Amino acid sequence: MTQVIDIQSLSFTYSKSQQHKVLNNLSLSIKQGELVCLLGANGAGKSTLINILLGRLTPQSGNISIFGQQQGIREVRNRLGVMLQNSTAPDKATVRELLVLFSSYFDHPIELSQLISQLNLEQIIEQYFVTLSGGQKQLVLLALALCGDPDLLFLDEPSVGMDVTTRRILWQVIERYKSYGKTIVLTTHYLEEADALADRVVVLKDGAIVADNTPQQLKTQFSHKLIKAKTTIDIDELSKLDSVVAVTHYGRYIEVTSQDASATIKHWLALDPALEDLTISNCDLEQAFLQITNLPVPQEQVA
Amino acid sequence: MNTLTLKNVNSFKHELLLDIKMACREPSFFIPTIAFPLMFYIFFGLLFSDMGKGQTSTYLLVSYGVFGIMSPALFGFGASVASERDKGWLALKQLSPVSPWQYIFAKLLNALLFGIIIVIGLFTLGAVFGDVVLTIGQWLSLAALLMFGSLPFCALGLAVGFWAKGKSAVAILNLIFLPSAFLSGLAIPVFMFPQWLQQVAAIFTPFHLSQLGLKIVDMSLGQSVLSHITFLFITLFIFSVIAMKGYKRSLVN
């Protein structure tokens with residue numbers, strides 16, 4: 001498949017005197033039709049990377065091409081759909097007016113009626129932008145990103161402020177565009193969303209890529225298990241057991257994160273033979289992410 | 001016309017119409033912008049006019065004409081750019097294939113349109129109720145002067161709009177608008193100023209535009225036309241450069 005984004009040894013600092021590099025010798029290529037989710041803690045370099053890809057920031061070194069062309073030129077922008085984190089539309093314009101205007105910017109816009117029905121905008125199409133709820137505003141901004149029929153979509157935190165209904169529409173639309181063979185770059189704080197949608201998860205830390213894999217692989221790669229049970233043993237004692245990474249209260253239960261579930265359970269049962277309601281489960285993407293980036297796992301603060 | 005040009009024209013039409021509609025949906029913008037110059041003119045130019053024979057009403061027609069076109073140029077143009085930049089709407093446009101000239105030029109035309117409405121309103125009041133008698137040539141050159149004279153204020157508004165945040169842009173523009181209008185002799189005629197204050201007036205752009213207008217109706221202080229025009233062009237140039245730098249900065253922020 002053809003490459004849509006190609007980044008070679010990209011480095012970026014905000015001021016030349018600074019030793020600290022926001023992006024450090026980063027290389028990444030994204031193929032057509034891939035849905036890549038960029039993850040990283042605040043300050044990891046996600047926004048900087050996106051702004052460079054969009055042509056808003058110029059890197060000090062490295063090569064970037066989008067569709068084999070230079071980022072930021074008109075030909076590239078014509079094939080790009082963008083949803084930015086801090087961008088909204090003017091208050092006193094109706095949804096239809098915004099869509100008609102934005103569609104007119106692109107060479108080959110999508111049929112407006114199609115877009116309206118895909119995103120369930122019929123009810124709000126004649127309303128002023130300012131009167132919409134947070135989730136509806138996000139849907140309209142998504143519609144603006146889609147109206148040029150883009151080949152590459154940048155969605156920066158699209159589900160912020162969305163309720164269950166609007167988020168379901170967002171997910172459906174993303175799935176549909178993926179099935180059309182469009183390339184999508186997504187950032188999100190909901191790891192559940194990354195897990196559900198992404199083909200690839202790219203984790204940034206200190207301006208470098210520390211993991212790049214499918215959500216499934218990432219979860220098994222960091223194959224800690226979660227053990228949950230009712231027990232009489234207190235937290236301090238449990239945290240001293242073999243292979244235990246973290247211990248926390250979970251309602252009436254105790255939850256133990258372990259690198260070796262069978263070893264931990266063997267010792268736990270020896271201490272508390274009356275152990276009740278025992279369940280073992282895999283880590284979710286969030287725990288994998290926390291381990292990859294070596295952030296303090298929240299459980300440890302409790303334990 | 002080929003299809004691409006037709007498409008561009010169409011896009012520009014949408015841009016301009018939406019700008020006009022949005023301005024008309026903000027009564028807090030268009031009511032003071034249009035009503036204040038007309039209201040001031042009715043009070044000071046028509047009701048309190050005691051010089052007779054249309055002297056005061058003619059003089060103040062020029063003053064409030066300048067006052068009138070300043071407000072849409074500064075606020076309709078500059079402050080609205082600042083607010084769209086704050087909302088990130090400008091960023092979305094910058095990332096789309098549209099040329100920045102399209103939305104800047106649409107906003108410029110929008111400001112000029114409001115300017116024309118104010119000028120026509122003032123001219124009608126002056127001619128019908130104020131005994132203002134001018135030749136067709138004088139009416140037309142005064143109107144044209146006020147339109148071209150909007151441009152330096154548009155540039156100033158745009159410069160502030162690109163550099164200041166939305167709410168503070170309005171505050172800064174107000175700080176520029178009223179004092180420079182008063183000190184330029186738009187409220188109290190400049191010939192009534194003490195000598196030193198007349199010299200102060202000469203550093204403000206509205207003073208030079210109003211002197212050019214007064215020249216058309218033979219009421220100026222008699223300073224050189226060239227110096228007034230030069231001053232307006234310098235203002236236009238300086239603030240256009242500042243606005244352009246601000247635009248480049250807004251690409252990143």
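The structure under discussion appears in the preceding block.
Computed from a predicted model, the values in this text were never measured in an experiment. (Residues numbered from 1 in each chain as written. Chains lettered and ligands numbered in written order. Predicted model: local features only at pLDDT ≥ 70, side-chain atom pairs only at ≥ 80, totals over all residues. Heavy atoms only, no water.)

Let us look at the overall build of chain B. On a plain count of helices and strands, chain B comes out with 10 helices and 0 strands. Scanning chain B from its N terminus toward the C terminus, one meets helices and strands in the order α-α-α-α-α-α-α-α-α-α. A globule of 253 residues ought to have a C-alpha radius of gyration of about 18 Å, and chain B, at 19 Å, matches this closely. Projecting the C-alpha coordinates of chain B onto the three principal axes gives extents of approximately 60 × 40 × 35 Å. Counting every position in chain B, which comprises 253 residues, the buried fraction comes to 53%. For chain B, the accessible surface area stands at approximately 11800 Å², while carbon and sulfur atoms represent 75% of it. On chain B, the mean spot of the 15 positive side-chain charges and the mean spot of the 8 negative ones are 12 Å from each other. (Helix = DSSP H or I, 4+ residues; strand = E, 2+ residues; numbered from the N terminus. Rg over C-alpha atoms; globule rule 2.2 N^0.38 Å. Buried < 20%, exposed > 50% of the residue type's maximum accessible area, 1.4 Å probe, protein only. Areas by Shrake-Rupley, 256 points an atom, 1.4 Å probe, with all protein chains shown as cover. Lys, Arg positive; Asp, Glu negative; His and termini not counted. Charge placed at Lys NZ, Arg CZ, Asp CG, Glu CD.)

Right, let's get into the pairing of strand β3 (residues 35–40) of chain A. All names here are of chain A. Within β3, 6 of the 6 residues are buried, which leaves it mostly tucked inside the rest of the structure. Both faces of β3 are covered, namely the face carrying Leu 35, Cys 37 and Leu 39 and the face carrying Val 36, Leu 38 and Gly 40. Sheet topology places β3 next to strand β7 (residues 183–187); 4 bridges connect them, and they run parallel. Paired with Cys 37 across the two strands is Leu 186, which belongs to β7. When β3 meets strand β8 (residues 200–205), the two strands line up parallel, connected through 5 bridges. Bridging from a neighbouring strand, Gly 40 pairs with Leu 204 of β8. (Pairing = 2+ DSSP bridges.)

Inspection of every chain in the model, using the stated rule, returns 19 aromatic pairs over all chains. Grouping aromatic residues by their ring pairs yields a cluster made of Phe 36, Phe 40, Tyr 41, Phe 43, Phe 44, Tyr 64, Phe 67, Phe 75 and Phe 177 of chain B. Its guanidinium or amino end placed over the ring of Phe 67 of chain A, Arg 79 of chain A lies 3.8 Å from that ring's centre, counting from NZ or CZ. (Phe/Tyr/Trp six-rings, centres within 6.5 Å; stacked < 30°, edge-to-face > 60°. Lys NZ or Arg CZ within 6 Å of the ring centre and 35° of its normal.)

Let's shift gears to the interface of chain B and chain A. A common measure of how large an interface is: the accessible area buried when the components associate. Between chain B and chain A, the residue contacts involve 26 residues of the former and 31 residues of the latter. Summing both sides of the interface, chain B and chain A together bury roughly 2600 Å²; the carbon and sulfur share of this comes to 62%. The largest contributions to the chain B side of the interface with chain A come from Trp 89, Leu 95 and Pro 97 of chain B, which together make up 28% of the buried area. For the interface between chain B and chain A, the tally reads 3 salt bridges. As a salt-bridge pair, Lys 87 of chain B and Asp 91 of chain A come within 3.1 Å of each other at their nearest N and O atoms. Looking at the side of chain B that touches chain A, the elements with two or more residues in it are α1 (3–24), α3 (55–87) and α4 (89–95) of chain B. Considering every element that reaches the side of chain B that touches chain A, the biggest residue donor is α1 of chain B, with 7 residues. A per-class count over the side of chain B that touches chain A returns 10 nonpolar, 8 polar and 8 charged. (Contact = heavy atoms within 4.5 Å. Buried area = accessible area lost by both parts, 1.4 Å probe. Salt bridge = Lys/Arg side-chain N within 4 Å of Asp/Glu carboxyl O. Nonpolar A, V, L, I, M, F, W, Y, C, P; charged D, E, K, R; others polar.)

A few words now on the packing of helix α9 (residues 205–216) of chain B against helix α10 (residues 225–250) of chain B. Packed helices, taken two at a time, are described by their axes: the angle between them and the distance between them. Residues and elements named next belong to chain B. It is at 9 Å that the axes of α9 and α10 come closest, and there the two elements cross at 140 degrees. When the interaxial angle is binned, α9 and α10 end up oblique. Our pair here, α9 against α10, has a crossing hand that is left-handed. Between α9 and α10, the residues in contact are Thr 205, Phe 207, His 208, Leu 209, Gln 211, Leu 212 and Lys 215 and Val 225, Ser 227, His 228, Ile 229, Phe 231, Leu 232 and Thr 235, respectively. Split into classes, the residues belonging to the contact of α9 with α10 amount to 7 nonpolar, 6 polar and 1 charged. (Axes fitted to C-alpha atoms, helices over the stretch in contact; angles between N-to-C directions. Parallel < 35°, antiparallel > 145°, perpendicular 65-115°, else oblique. Left-handed = near helix turned anticlockwise from the far one by under 90°.)

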